[in-house]
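# Secondary and tertiary structure notes
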Amino acid sequence: MPLVSVVIPSFNRAYCLARTLDSALAQTYNEIEVLVVDDGSTDDTRTMIQTRYANDKRVRYLYQANRGVAAARNTGIGAATGAFVALLDSDDVWQPWKIELQVCCMQK
């Protein structure tokens, strides 16, 4: 099973980011890494990630000075180690079968 890198750019979204991350981590497809790219947040994003996801080795936190969502996505893509990259906005959620279905389609 190929690894899928989920890239989540975020700026001051601590209030909704946990719901987004939980939806990525609840995928029926297990071979994932989740890269949260903090684009210079001034809220509690870093603390929330460190507190809630410190023990989940699938989650990687990356910080950069604020350069915008495109730069944050590019940072995440550059750090990704998966065969596939999936982009997830920090205020969105996925159905639990999303990645499994997409990998199946891409492999066909």
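Read on for a plain summary of the structure. (Residues numbered from 1 in each chain as written. Predicted model: local features only at pLDDT ≥ 70, side-chain atom pairs only at ≥ 80, totals over all residues. Heavy atoms only, no water.)

## Some points on the packing of aromatic side chains
The condition that has to hold: Side-chain rings of Phe, Tyr and Trp (the six-membered ring for Trp) are treated as a pair once their centres are within 6.5 Å; stacked means planes under 30 degrees apart, edge-to-face means over 60, and tilted covers the remaining angles. Counting as a charge over the ring demands two things of the Lys NZ or Arg CZ atom: a distance within 6 Å of the ring centre and an angle within 35 degrees of the ring normal.
All chains considered together, the criterion is met by zero aromatic pairs. Here the guanidinium or amino end of R46 rests over the ring plane of Y63, the centre of that ring lying 5.0 Å away. Above the ring of W94, the side-chain terminus of K98 is found at 4.7 Å from the ring centroid.

## Topic: the pattern of salt bridges
Condition: One side-chain nitrogen of Lys or Arg within 4 Å of one carboxyl oxygen of Asp or Glu is enough to make a salt bridge. Secondary structure follows DSSP: runs of H or I at least 4 residues long count as helices, runs of E at least 2 residues long count as strands, and numbering of each begins at the N terminus. Here's how the labels work: a residue is buried when its accessible area is under 20% of the maximum for its type, exposed when over 50%, partly exposed in between, all with a 1.4 Å probe on protein chains only.
Counting across every chain of the model gives five salt bridges. D91 is the salt-bridge partner of R13, the closest N and O atoms lying 3.1 Å from each other. With R13 in the loop between strand 1 (4–10) and helix 1 (14–25) and D91 in the loop between strand 4 (84–87) and helix 4 (98–107), this pair connects stretches of sequence that are 78 residues apart. When the shortest N-O distance is used, the salt bridge between R52 and D22 registers 2.6 Å. Here D22 lies in helix 1 and R52 lies in helix 2 (residues 45–53), a separation of 30 residues in the sequence. D22 sits in the partly exposed class, given a relative accessible area of 30%.

## Examining the pairing of strand 1
The line we're drawing: A strand pair is defined by DSSP finding two or more bridges across the two strands. Seen with its strands pointing away from the viewer, a crossover is right-handed if its path from the first strand over the helix to the second goes clockwise.
For strand 1, the tally of buried residues reaches seven of seven residues, placing the bulk of the element in the interior. The alternating pattern of strand 1 places V4, V6, I8 and S10 and S5, V7 and P9 on opposite faces, both of which are buried. Sheet topology note: the strand 1/strand 2 (residues 32–39) ladder contains seven bridges and is parallel. When the bridges of strand 2 are listed, V4 appears paired with I32. You can see the chain leave strand 1, run along helix 1 and come back into strand 2, and the turn it takes is right-handed. Note that strand 1 and strand 4 share four bridges and pair parallel. From the neighbouring strand, V4 faces strand 4, where its bridge partner is F84.

## Description of the environment of L21
Using the following cut-off: Contacts between residues were defined by any pair of non-hydrogen atoms, one from each residue, lying within 4.5 Å.
Looking at the element boundaries, L21 is found in helix 1. Overall, the relative accessible area of 0% leaves L21 in the buried class. Spatially, the C-alpha atom of L21 lies 9.2 Å from that of D92, the residues being 71 residues apart in sequence. Aside from chain neighbours lying at most four places away, what touches L21 is I8, V34, V36, I49 and Y53.

## So, the nonpolar core
The criterion, for reference: By convention a nonpolar core is built from buried Ala, Val, Leu, Ile, Met, Phe, Trp, Tyr and Cys residues, the set being connected through side-chain atoms within 4.5 Å.
Among the nonpolar cores identified, the biggest contains 21 residues, and V4, V6, L21, V34, I49, Y53 and I99 are the most heavily contacted of them. For this core, the secondary-structure elements that each account for two or more residues are strand 1, helix 1, strand 2, helix 2 and helix 4. For this core, the element with the highest residue contribution is helix 1, accounting for five residues. Ignoring anything within four residues of it in the chain, the contact list for V4 reads Y29, E31, I32, E33, F84, A86, I99 and V103.

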